[in-house]
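Single-letter residue listing:
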Amino acid sequence: MKILYVMPNILHPTIRGELRHYHFLKRLSKLHEITLIVLNGTHVPTQVLDEFRQYTKRVVRVGAPFPRRPAGGGVAGAIAVLGWRLRKARRFRRNVEELNQCVRRFLGTGGYDLLLLSGSGLHSIAEELATAPMVVDWCDTDSMRLRRALRHTKSLEWPWRVLRYWQTRRLEKRLLGKLRHVTFISRRDRDAAPGTAESASVIPNGCDLTYWSRRGANRRNRIVFTGVMDYPPNADAARYLLSTITPLVRREIPNLEVVIAGWNPSPDVLALAQRSEGVVVTGGVPDLRPYLESAAVFVAPLRFASGMQNKILEAMAMELPVVTTPIAAEGFRAEGDEDPPLLVGEEAGELAAHIASMVRDPLRARRLGAAGRRYVRGHCAWRQ
């Protein structure tokens, strides 16, 4: 087939973030001719663009870059961040309008068999093109994540967050009642979506077991958390880990080291790291595997989330025991699948106790890590 694939941004294993679109594109390109249309909101390295061109007939980038996030803390910093969010939202809307026009031009040529639309924020395009032959990979139910985030939102950001939640919820309810071919990343996300058609399918994320494979580095008294750190659930989890969970673990493991690895750590996370011994915040790194290999435990203390966490899949593939929250663990429930081998804690004390037990008992940690890789091999291969 000739597929017009539309996605909000280009993500790659060297950039991180949601890699679902990357793997879909990579594998679909083996059988189909693909034209990729993507927003031009963020910088993408040349070598990444070159790789994407190998999988496509052409890559078309649309729109203008997003404004840079301001630095600073306190009340003034919060007000500056709120203004930045409003400017970014306006820029995103304008970019989506340009994207919509671009997609219409390509479809107007009549040379495509299928429109494949992926990614949050682009769903409004699907409503206007509902008569086109189209599959929408809805993936996460954003309204669920935004609702859960409200309990952890600062007071100055509350009005904007509430408004965004209600806008997202209304959009989901309206669109999902119209779309015929929709896929979700987990059973939880499908069930939480308002007005979901019974025909909606669940396609969980996969993991590249060849790439995410342990190479034998020594484990230490170290825990690690990875992810794109300007993504709100990750930023909140990093703050929670440093400010609340780590001090509890250090009552049992005084020499505990903490590594937070991922692009664009927020100023408050950097400040927390500077105030604590044994904490390293790396920023963006070309390869996360050395950080996973050198750790005893992977910790993902997400307090609000949707979808399925790639970071957890990758840690399990690397044979790391994983400590996480019920919200993150629920995202692994697909149709009829067994529960993943995760240590789950609701509160900071439970999470800290799980972490300490894994650091103190390397044999149990290795067993749980091995079970994690078996789970990923059995349930999360991209070829499936």
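Residues numbered from 1 in each chain as written. Predicted model: local features only at pLDDT ≥ 70, side-chain atom pairs only at ≥ 80, totals over all residues. Heavy atoms only, no water.

J.: For this particular structure, what's the right way to read the pattern of salt bridges?
T.: Side chains that differ in charge, positive against negative, can pair when their charged atoms come close. Summed over the entire model, instances satisfying the criterion amount to 15 salt bridges. Here Arg-104 makes a salt bridge to Glu-128, at a shortest N to O gap of 3.2 Å. Remark: Glu-128 occurs in helix H4 (residues 123–128) and Arg-104 occurs in helix H3 (residues 74–108); sequence separation between them is 24 residues. Its salt-bridge partner being Arg-188, residue Glu-330 comes within 3.6 Å of it at the nearest N-O pair. With Glu-330 in helix H12 (residues 326–330) and Arg-188 in helix H7 (residues 187–192), this pair connects stretches of sequence that are 142 residues apart. (Salt bridge = Lys/Arg side-chain N within 4 Å of Asp/Glu carboxyl O. Helix = DSSP H or I, 4+ residues; strand = E, 2+ residues; numbered from the N terminus.)

J.: Hey, could you run me through unusual backbone geometry in this one?
T.: A negative phi angle characterises most non-glycine residues, just as the trans form characterises most peptide bonds. Residues other than glycine seldom take positive phi values, yet Asn-264 does so here, at roughly 60°. The residue Asn-264 is located in the loop between strand S9 (257–261) and helix H9 (267–274) in this model. The phi angle at Glu-319 is positive, at roughly 65°, despite the residue not being glycine. Relative to the helices and strands, Glu-319 is located in the loop between helix H11 (310–317) and strand S12 (322–324).

J.: Even after reading the chapter, I still don't get the packing of H11 against helix H14 (residues 362–379), so can you show me in this structure?
T.: Relative orientation and spacing of two packed helices are given, respectively, by the angle between their axes and the distance between those axes. Direction vectors running N to C along H11 and H14 enclose 115°, while the axes themselves pass 7 Å from each other. Residue-level contacts link Leu-313, Met-316 and Ala-317 of H11 to Gly-369, Gly-372, Arg-373, Tyr-375 and Val-376 of H14. Residue composition of the contact of H11 with H14, by class: 5 nonpolar, 2 polar and 1 charged. (Axes fitted to C-alpha atoms, helices over the stretch in contact; angles between N-to-C directions. Contact = heavy atoms within 4.5 Å. Nonpolar A, V, L, I, M, F, W, Y, C, P; charged D, E, K, R; others polar.)

J.: What exactly am I supposed to notice about the environment of Gly-307 here?
T.: If you trace the backbone, Gly-307 turns up in the loop between strand S11 (297–300) and H11. As for Gly-307 and Leu-242, which are separated by 65 residues in sequence, their C-alpha atoms are 24 Å apart. Filtering out sequence-adjacent residues up to four positions away, Gly-307 remains in contact with Asp-140, Ile-185, Arg-188, Asp-189 and Gly-331.

J.: Would you mind going over the sheet that holds strand S2 (residues 33–39) with me for this structure?
T.: Strand pairs in the sheet, formed through backbone hydrogen bonds, run parallel or antiparallel to each other. In spatial order, the strands read S3-S2-S1-S4-S5-S6-S7; together these 7 strands make up an open sheet with parallel pairing. Two strands bound the open sheet, and with one partner strand each, they are strand S3 (58–62) and strand S7 (201–202). The sheet contact formed by strand S6 (residues 182–184) and S7 spans 2 bridges and is parallel. Pairing of Phe-184 across the sheet is with Val-202, part of S7. (Pairing = 2+ DSSP bridges.)

J.: In this structure, what is going on with the pairing of S11? I would like to understand it.
T.: The side chains of a regular strand alternate between the sheet's two faces. Residues Val-297 and Val-299 point to one face of S11 and Phe-298 and Ala-300 to the other, with burial holding for every one of them. Bridge count for S11 against S12 is 3 bridges, and the pairing is parallel. Note on S12: the bridge partner recorded for Ala-300 is Thr-324. Following the backbone out of S11, through H11 and into the adjacent parallel S12, one traces a crossover that is right-handed. (Buried < 20%, exposed > 50% of the residue type's maximum accessible area, 1.4 Å probe, protein only. Right-handed = clockwise from strand over helix to strand, strands pointing away.)

J.: Explain a positive patch on the surface to me, please; I cannot follow it from the model alone.
T.: On the surface, Arg-69, Lys-88, Lys-154 and Arg-164 cluster together into a positively charged patch. If you trace the backbone, Arg-69 turns up in the loop between S3 and H3. (Patch = residues over 30% accessible without salt bridge, like charges linked within 9 Å, V, L, I, M, F, W, Y side chains within 5 Å. Areas by Shrake-Rupley, 256 points an atom, 1.4 Å probe, with all protein chains shown as cover. Lys, Arg positive; Asp, Glu negative; His and termini not counted. Charge placed at Lys NZ, Arg CZ, Asp CG, Glu CD.)

J.: Please explain the packing of aromatic side chains as it appears in this structure.
T.: Inspection of the entire model under this criterion finds 6 aromatic pairs. Taking the centre distance of 6.4 Å and the plane angle of 70° together, the rings of Tyr-22 and Tyr-55 count as edge-to-face. Here the residue Tyr-22 occupies a position in helix H1 (residues 20–28), and Tyr-55 occupies one in the loop between helix H2 (46–54) and S3, the gap between them amounting to 33 residues. Ring plane angle 85° and centroid distance 6.0 Å describe the contact between Phe-24 and Trp-382, whose orientation is recorded as edge-to-face. With Phe-24 in helix H1 and Trp-382 in the segment after H14, this pair connects stretches of sequence that are 358 residues apart. Connected via pairs of aromatic rings, a cluster forms that spans Tyr-22, Phe-52 and Tyr-55. Seen from the ring of Tyr-211, Arg-289 lies directly overhead, with NZ or CZ sitting 3.7 Å from the centre. (Phe/Tyr/Trp six-rings, centres within 6.5 Å; stacked < 30°, edge-to-face > 60°. Lys NZ or Arg CZ within 6 Å of the ring centre and 35° of its normal.)

J.: I keep staring at the nonpolar core and nothing clicks. Help me out?
T.: Where a protein is soluble and globular, its nonpolar side chains tend to be buried together. Within the largest apolar cluster, 64 residues are counted, with the highest numbers of intra-cluster contacts made by Ile-245, Phe-298, Ile-312 and Met-316. Contacts of Met-316, omitting those with residues within four sequence positions, involve Val-322, Phe-332, Pro-340, Pro-341, Leu-342, Gly-369, Gly-372, Arg-373, Tyr-375 and Val-376. Among the nonpolar cores identified, the runner-up in size contains 28 residues, and Val-96, Cys-102, Tyr-112 and Ile-125 belong to it. (Core = buried A, V, L, I, M, F, W, Y, C linked by side-chain atoms within 4.5 Å.)

J.: I would appreciate a short explanation of the sheet that holds S11 in the present structure.
T.: As summarised here, the arrangement of the 6 strands in space is S10-S9-S8-S11-S12-S13, forming an open sheet in which the pairing is parallel. Two strands close off the open sheet at either side, each with one partner strand: strand S10 (279–283) and strand S13 (343–344). Sheet topology note: the S9/S10 ladder contains 4 bridges and is parallel. In the sheet register, Ala-261 faces S10, and the bridge partner there is Gly-283.

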